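What the coordinates show
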Amino acid sequence: MNKYFSIFLSGLILMAGCGKPEDPESLKPEDAGYKIVSQVPTSGFANDLVKNDGILYVAQGEGGLSIYNVDDPKNPFLVSLTTERLRGYAGKIAMKDSVVYLAANTFGINVVDVRDPDTPVVTITNLGIKPAKNFHVMGNYLFTAISEQGVGIAEISYPAEPDIRGQFPTTGYAYGLTTSSDSNFLFVAGGEMGLSIYNISDFQEGYGIYPRAGWCDTPGDAEAIVLNESISVAFLACGTAGLQIIDYSDTTNIFIAGSYDSAGYAKDLLYRDNRIYLSAQLGGLQIIDVTDITAPKLLGAVETKYALGLDMDDQYIYLADEDEGIIIISIPEY
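The sections below set out a description of the structure shown in this document. Not measured: the values here are computed from a predicted model.

1. Observations concerning the pattern of salt bridges
On inspection of all chains with the given rule, the structure shows 9 salt bridges. The residue Asp313 makes a salt bridge to Lys51 at a minimum N-O spacing of 3.3 Å. Of this pair, Asp313 sits in the loop between β26 (307-312) and β27 (316-321) while Lys51 is found in strand β2 (residues 48-52), placing the two residues 262 residues apart along the sequence. The salt bridge partner of Lys267 is Glu223, with a shortest N-O separation of 2.9 Å.

Here it is as structure tokens:
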């Protein structure tokens with residue numbers, strides 16, 4: 001009996017030493033060469049950002065719009081802060097020419113002329129496309145995801161003065177959206193109802209009737225979407241369900257081709273060179289190899305406190321973190 005008890009006890013000690021397979025500390029990924037080069041706290045909660053030339057425009061919740069010079073990404077500095085006249089909670093941002101659009105939920109859209117970043121001018125507040133959740137710019141048109149109301153369209157040939165056009169319902173609550181490069185299709189991330197695709201080829205200057213061309217349910221809540229049109233694949237950030245990869249090559253038979261169960265809550269994403277850059281709130285920034293869409297794999301991760309919106313150029317990733325502000329991450333050569 002003593003011999004068997006010793007063997008049993010040794011086994012328990014060995015198991016304890018190895019740790020649980022699901023223990024986060026034992027599975028903490030490497031950064032794969034992606035390094036934080038600078039970090040700047042913001043006066044508000046950094047929710048989203050967009051980079052244009054050497055300037056970074058940041059939607060920071062009730063803190064309005066902040067503008068940073070990032071000509072030297074290792075030493076960014078504040079250029080200006082705009083809060084006066086802005087209404088609501090700035091959650092997402094888009095840009096056309098020298099004008100930025102801030103999605104302010106039930107307060108619609110705030111429009112800011114930033115041709116002089118030192119002295120931005122608010123041209124419109126509470127534009128009546130609401131509740132504004134997210135944007136996509138297609139040529140001279142601004143598409144706005146308006147949750148349970150679907151999608152709203154504004155003409156922006158004069159960017160500082162959007163002209164409201166049509167609005168149409170979507171499957172589910174519209175949170176994220178993009179269009180095909182030929183402007184024939186609109187793709188909508190519809191929360192718990194997944195991905196829906198609309199034929200907008202007969203656009204009618206934003207007043208058309210846009211039939212649904214396809215739909216695919218996804219697990220989780222679809223919040224954001226990017227495309228790889230060369231292989232007819234959509235990548236969706238789906239909250240607790242991580243990254244979902246959708247094959248839409250046949251719009252009558254759209255299906256999930258692959259997925260990656262990311263740490264945290266998948267909130268936003270970018271695609272470049274067979275890699276997905278996924279912001280995942282408490283899960284930080286995750287870099288996922290999608291060369292094989294049926295078997296995506298994690299390449300690395302950068303820890304941050306609450307990763308939300310992101311943008312990138314050839315050398316750096318710019319991340320809005322609600323707790324830590326702006327985080328700039330170098331991209332390794334590969």
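Further notes follow.
2. Digging into the sheet that holds strand β23 (residues 275-279)
Across a sheet, paired strands are connected by hydrogen bonds in the backbone, their directions being either parallel or antiparallel. Pairing is antiparallel in the open sheet, where 4 strands are placed in the order β22-β23-β24-β25. The open sheet has two free edges, formed respectively by β22 (268-272) and β25 (297-302), since each of these has just one partner strand. Each strand axis lies, on average, 20° off the axis of its neighbour in the sheet, ignoring direction.

3. Considerations on the state of the cysteines
Using the criterion set out here, one finds 0 disulfides in the structure. For Cys216, which is in no disulfide, the shortest distance to another cysteine sulfur is to Cys238 and amounts to 9.4 Å. Owing to a relative accessible area of 6%, Cys216 belongs among the buried residues under this scheme. For Cys238, a relative accessible area of 0% gives the class buried.

4. A short note on the pairing of strand β8 (residues 109-113)
Counting buried positions over the 5 residues of β8 gives 5, a clear majority of the element. Burial of β8 is two-sided: the residues Ile109, Val111 and Asp113 facing one way and the residues Asn110 and Val112 facing the other way are all buried. Sheet analysis places strand β7 (residues 99-103) next to β8, joined by 5 bridges and oriented antiparallel. Within β8, the residue paired with Tyr101 across the bridge is Val111. Relative to strand β9 (residues 121-127), β8 runs antiparallel, the two being bridged by 4 bridges. Bridge pairing in β9 links Val111 to Ile124.

5. Quick word on the side chain of Ser147
Along the chain, Ser147 turns up in the loop between β11 (141-145) and β12 (151-155). In this structure Ser147 comes out as buried when scored by relative accessible area, which is 4%.

6. Section: the packing of aromatic side chains
Per the stated rule, a full pass over the model turns up 9 aromatic pairs. Arranged with centres 4.8 Å apart and planes meeting at 80°, the rings of Tyr141 and Phe203 form a pair that is edge-to-face. Placement of the pair is Tyr141 in strand β11 and Phe203 in the loop between β16 (195-199) and β17 (212-216), with a sequence separation of 62 residues. Residue classification places Tyr141 among the buried residues on the basis of a relative accessible area of 15%. By relative accessible area, Phe203 is classed as buried at 12%. Ring centres of Phe143 and Phe203 lie 5.9 Å apart, and the angle between their planes is 45°; on these two criteria the pair is classed as tilted. With a gap of 60 residues between them, Phe143 in strand β11 and Phe203 in the loop between β16 and β17 connect regions that are remote in the sequence. We note that Phe143, like Phe203, is buried. By the ring-pair criterion, three or more aromatic residues cluster together here, those being Tyr141, Phe143, Phe168, Tyr198, Phe203 and Tyr210.

Definitions and limits used
Residues numbered from 1 in each chain as written. Predicted model: local features only at pLDDT ≥ 70, side-chain atom pairs only at ≥ 80, totals over all residues. Heavy atoms only, no water. Salt bridge = Lys/Arg side-chain N within 4 Å of Asp/Glu carboxyl O. Helix = DSSP H or I, 4+ residues; strand = E, 2+ residues; numbered from the N terminus. Pairing = 2+ DSSP bridges. Axes fitted to C-alpha atoms, helices over the stretch in contact; angles between N-to-C directions. Disulfide = S-S within 2.5 Å. Buried < 20%, exposed > 50% of the residue type's maximum accessible area, 1.4 Å probe, protein only. Phe/Tyr/Trp six-rings, centres within 6.5 Å; stacked < 30°, edge-to-face > 60°.

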